[in-house]
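Coordinates in review
Below, each chain spelled out in residue letters.
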Amino acid sequence: MTIDERITAAVTPVVPEVAPQIYEGSALTYCTYNYDEMPQLHSSGKPRRITYLCQLHLMLPLGAASVTLRRELCRALWHAGFTWPQITDAYDGDGQHWVFEFEGKEALGDG
């Protein structure tokens, strides 16, 4: 399963609308995500593992209850094999914007 599939599978039971980088739908509550890749455990000139530095962005209207939703997202990501997220309030004046930062790993074959 790819990193995109893992994030989407973890998030959609909690927030059904999720997209990589840019959400183009009409829902008021949605998530987007992005990640960086860090190759690690090099051997014979190739990485043997990729660590993903991930960000999940939860967007909701002002005044919407979000504490329970944030906790559910943390649990869902953790149960999907990611580290427990750090959450930052990135309020931008238009609505709630919560940023979840977490890590994922993928072992690479000999390919």
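Please refer to the structure placed before this passage.
Everything in this summary refers to the structure shown in the same document. Not measured: the values here are computed from a predicted model.

Quick look at the environment of Asp 4
Turning to its location among the elements, Asp 4 is positioned in helix H1 (residues 3–11). Of the residues examined, Asp 4 reaches a relative accessible area of 27% and is grouped as partly exposed. Sequence separation between Asp 4 and Tyr 35 is 31 residues, and the spatial gap between their C-alpha atoms is 9.3 Å. For Asp 4, the side chain forms a polar contact with the side chain of Tyr 33, separated by 2.8 Å.

Remarks on unusual backbone geometry
Despite not being glycine, Gln 21 shows a phi value in the positive range, around 65 degrees. The residue Gln 21 is located in the loop between strand S1 (18–20) and strand S2 (30–40) in this model.

Concerning the packing of aromatic side chains
Here a ring pair, both rings aromatic, is described through the centre-centre distance and the interplanar angle of the planes. Enumeration over the complete set of coordinates arrives at four aromatic pairs. Positioned above the aromatic ring of Phe 82, the side-chain terminus of Arg 6 is 4.3 Å from the ring centre.

What about the pairing of strand S3 (residues 49–60)?
A large share of S3 lies buried, amounting to nine of its twelve residues. Judged from the eleven bridges that link them, S2 and S3 form a sheet pairing that is antiparallel. Following the sheet pairing, Pro 39 is matched in S3 by Ile 50. In this structure, S3 lies alongside strand S5 (residues 96–107), joined through twelve bridges in antiparallel fashion. Looking at the pairing, Thr 51 lines up with Lys 105 of S5.

Observations concerning the environment of Gly 93
Within the secondary structure, Gly 93 is located in the loop between strand S4 (86–89) and S5. Gly 93 gets classed as partly exposed once you look at its relative accessible area, which sits at 39%. Considering only alpha carbons, one finds Gly 93 and Leu 62, 31 residues apart in sequence, at a separation of 8.8 Å.

As for H1
Here H1 has its buried residues at Ile 3, Arg 6, Ile 7, Ala 10 and Val 11. Taken around the axis of H1, the buried residues stretch over an arc of 120 degrees, which confines them to a single face. Looking at the buried side of H1, the elements it contacts are S1, S2, S3, helix H2 (67–79) and S5.

A look at the sheet that holds S5
With respect to topology, five strands assemble into an open sheet ordered S1-S2-S3-S5-S4, the strand pairing being mixed. The sheet is open, and its two borders are formed by S1 and S4, each paired with just one other strand. When strand polarity is set aside, the average angle formed by the axes of neighbouring strands in this sheet is 25 degrees. Against the sheet, H1 contacts S1, S2, S3 and S5, and its axis sits at roughly 145 degrees relative to S2. Those strands touched by H2 are S2, S3, S4 and S5, and its axis lies near 160 degrees from that of S3.

Analysis parameters
Going along each chain's sequence as written, the residues are numbered from 1 onward. Where local features are concerned, this predicted model is filtered to residues with pLDDT of at least 70; where side-chain atom pairs are given and counted, the filter is 80 or more; whole-chain, interface and lining totals use all residues. Heavy atoms from the whole structure form the basis of all side-chain values; hydrogens and water molecules are not counted. Strands here are runs of E lasting at least two residues and helices are runs of H or I lasting at least four, both read from the DSSP assignment and numbered beginning at the N terminus. Buried means the residue's accessible area, taken with a 1.4 Å probe over protein chains only, is under 20% of the maximum for its type, while exposed means over 50%, and partly exposed covers the values in between. Whenever a nitrogen or oxygen atom comes within 3.5 Å of another N or O atom, the pair is scored as a polar contact, on the condition that within protein one atom can donate a hydrogen and the other can accept it, and that pairs from neighbouring residues in sequence are kept only if both atoms are in side chains. Ring pairs are drawn from Phe, Tyr and Trp, using the six-membered ring of Trp, whenever the two centres fall within 6.5 Å, and their geometry is named by plane angle: stacked under 30 degrees, edge-to-face over 60, tilted for the rest. Geometrically, a charge over a ring is one whose NZ (Lys) or CZ (Arg) sits within 6 Å of the ring centre while staying within 35 degrees of the ring normal. Two strands qualify as a pair provided that DSSP identifies no fewer than 2 bridges between them. This arc describes the spread of directions from the helix axis toward the C-beta atoms. In this analysis, two residues are considered to be in contact whenever any of their non-hydrogen atoms come within 4.5 Å of each other. In this analysis an axis means a line fitted to C-alpha atoms, helices contributing only their contacting stretch, and an angle means the value between N-to-C directions, from 0 to 180 degrees.

The quantities given are spatial measurements derived from coordinates; they are silent on function.
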